[in-house]
Amino acid sequence: CVSVCVCVCVCHLARLPFVAMAERYAIRTGAPAEGARVPELVKKRIASDAALAEEKEKALVAKEKLLAEQREALKKRTAEYEKEYADHKQQLIDLRREAKLGGNFFVEPEAKLLFVVRIVGIIKLAPKPRKVLQLLRLRQLHNGVFLKVNKPILQMLKLVQPYVTYGYPSLKTVRELLYKR
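So, here is what we can say about the structure in this document. (Residues numbered from 1 in each chain as written. Predicted model: local features only at pLDDT ≥ 70, side-chain atom pairs only at ≥ 80, totals over all residues. Heavy atoms only, no water.)

Some thoughts on the overall build of the chain
Let me state the cut-off plainly: By definition, any uninterrupted DSSP run of H or I lasting at least four residues is a helix, any uninterrupted run of E lasting at least two residues is a strand, and each is numbered from the N terminus. To sort residues, take the accessible area from a 1.4 Å probe on protein chains only and compare it with the maximum for the residue type: under 20% means buried, over 50% means exposed, and anything in between is partly exposed. Shrake-Rupley sampling with a 1.4 Å probe provides the accessible areas, and residues are treated as covered by the protein chains on show and by no other component.
Of the regular secondary structure elements, the chain holds four helices and three strands. Along the chain direction, N to C, the helices and strands of the chain fall in the order α-β-α-β-α-β-α. In the chain, which comprises 181 residues, the proportion classed as buried is 18%. When the accessible surface of the chain is totalled, it reaches about 14,800 Å², and 59% of it is carbon and sulfur.

As structure tokens, then:
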């Protein structure tokens, strides 16, 4: 006699109003031969298997619907970000043109993001730069991190300047790095 267990997917419990079942959960579908006498426990098991199969079907439909909604929300959010980036780029172009027509200079906006890469190993490294590299999450050679540009970060970078290389990445570079890792 094989016992039946119900698997609960904990990560979806908060989002779904019912207990979700695993997709690969096998439910017995065998029915006894017609005309044969069936014990009461077997009838109960067949009824519970039918209920489980129905519940599994509902859970799969709900999961597919949830994934479709999430996919649509992601597409919408992506389109909004693309529009925001395009608007910002166009605004900078317009400001440059306006300054040029007026005979003025256009001061480019300061970068908000830094990308720092460690280029020196740990051998013969003084304690203070070693600690700063730890604070910047640069524990190994060739590690890279994105950092927000602010005064404390720039002061820390001055301390570890011989051990790192850094720059201001473009949106394209940030995308490539994030997609790669």
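Digging into the layout of surface pockets
Our working definition: Using a grid of 1 Å spacing that covers the protein atoms alone, one calls a set of points a cavity when a 1.4 Å probe fits there but cannot get out, and a pocket when the set is open and has protein on both sides within 12 Å along at least five of seven lines; lining residues are those with an atom within 4 Å of a point. Grid points are joined across faces, edges and corners, and a volume is the space filled by probe spheres set on the points.
A volume near 860 Å³ is recorded for the largest pocket. Residue lining of the largest pocket: 20 residues in total, with Tyr-85, His-88, Pro-169, Ser-170 and Leu-171 positioned closest to the centre. Listing elements by their share of the lining of the largest pocket, those giving two or more residues are α1 (40-101) and α4 (171-180). Element by element, the count of residues in the lining of the largest pocket is highest for α1, at eight residues.

Some remarks on the sheet that holds strand β2 (residues 144-148)
Strand pairs in the sheet, formed through backbone hydrogen bonds, run parallel or antiparallel to each other. We apply this condition: Pairs of strands are assigned from DSSP output, requiring at least two bridges between the strands. Every angle, taken between N-to-C directions, lies between 0 and 180 degrees, and every axis is a line fitted to C-alpha atoms, over only the stretch in contact when it is a helix.
The sheet built from three strands is open, its strands ordered β2-β1-β3 with antiparallel pairing. At either margin of the open sheet sits one strand with a lone partner, and together these are β2 and β3 (164-167). Averaged over all pairs of adjacent strands, the angle between strand axes in this sheet comes to 25 degrees, irrespective of strand direction. Of the pairings in the sheet, the one linking strand β1 (residues 113-118) to β2 comprises five bridges and is antiparallel in character. Bridging from a neighbouring strand, Val-116 pairs with Val-145 of β2.

Observations concerning the nonpolar core
So the rule is basically this: Residue types Ala, Val, Leu, Ile, Met, Phe, Trp, Tyr and Cys, when buried and joined through side-chain atoms within 4.5 Å, form a set referred to as a nonpolar core. Should any heavy atoms of two residues lie within 4.5 Å, those residues are counted as being in contact.
Core analysis: the largest hydrophobic core is formed by 15 residues, its most contacted members being Val-116, Leu-136, Leu-157 and Val-160. Contributions of two or more residues to this core are made by β1, α2 (127-135), β2 and α3 (151-159). Residue contributions to this core peak at three residues, all from α3. Non-local contacts of Val-116, meaning those with residues more than four positions away in its chain, are made with Leu-138, Asn-143, Gly-144, Val-145, Leu-147, Leu-157, Val-164, Thr-165 and Tyr-166.

Considering the packing of aromatic side chains
Using the following cut-off: The aromatic pairing rule takes the rings of Phe, Tyr and Trp, using the six-membered ring of Trp, and pairs them if the centres are within 6.5 Å, calling planes under 30 degrees apart stacked, those over 60 edge-to-face and the rest tilted.
Applying the stated criterion across every chain, the model contains one aromatic pair. Ring geometry for Phe-115 against Phe-146: centres 4.9 Å apart, planes inclined by 50 degrees, an arrangement best described as tilted. Residue Phe-115 is found in strand β1, and its partner Phe-146 is found in strand β2; the two are separated by 31 residues along the sequence. Given a relative accessible area of 24%, Phe-146 falls into the partly exposed group.

So, α1
Stated precisely, the cut-off is as follows: One fewer than the residue count of a helix, multiplied by 1.5 Å, yields its expected span.
If you check α1, its first and last C-alpha atoms are 91 Å apart, about what 62 residues at 1.5 Å a residue would give, namely 92 Å. Positive backbone phi, at 75 degrees, marks Gly-103, one or two positions downstream of α1.

Focus on the environment of Ala-53
Position of Ala-53 relative to the elements: it lies in helix α1. Overall, Ala-53 belongs to the partly exposed group, its relative accessible area being 35%.

Here's the deal with the pattern of salt bridges
The line we're drawing: Any carboxyl oxygen of Asp or Glu within 4 Å of a side-chain nitrogen of Lys or Arg constitutes a salt bridge here.
Applying the stated criterion across every chain yields a total of five salt bridges. The residue Arg-175 makes a salt bridge to Glu-82 at a minimum N-O spacing of 2.7 Å. Taken together, the residues span a long stretch of sequence, with Arg-175 in helix α4 and Glu-82 in helix α1 at a distance of 93 residues. The class of Arg-175 is partly exposed, set by a relative accessible area of 28%. Exposure remark for Glu-82: the relative accessible area of 40% places this residue in the partly exposed category.

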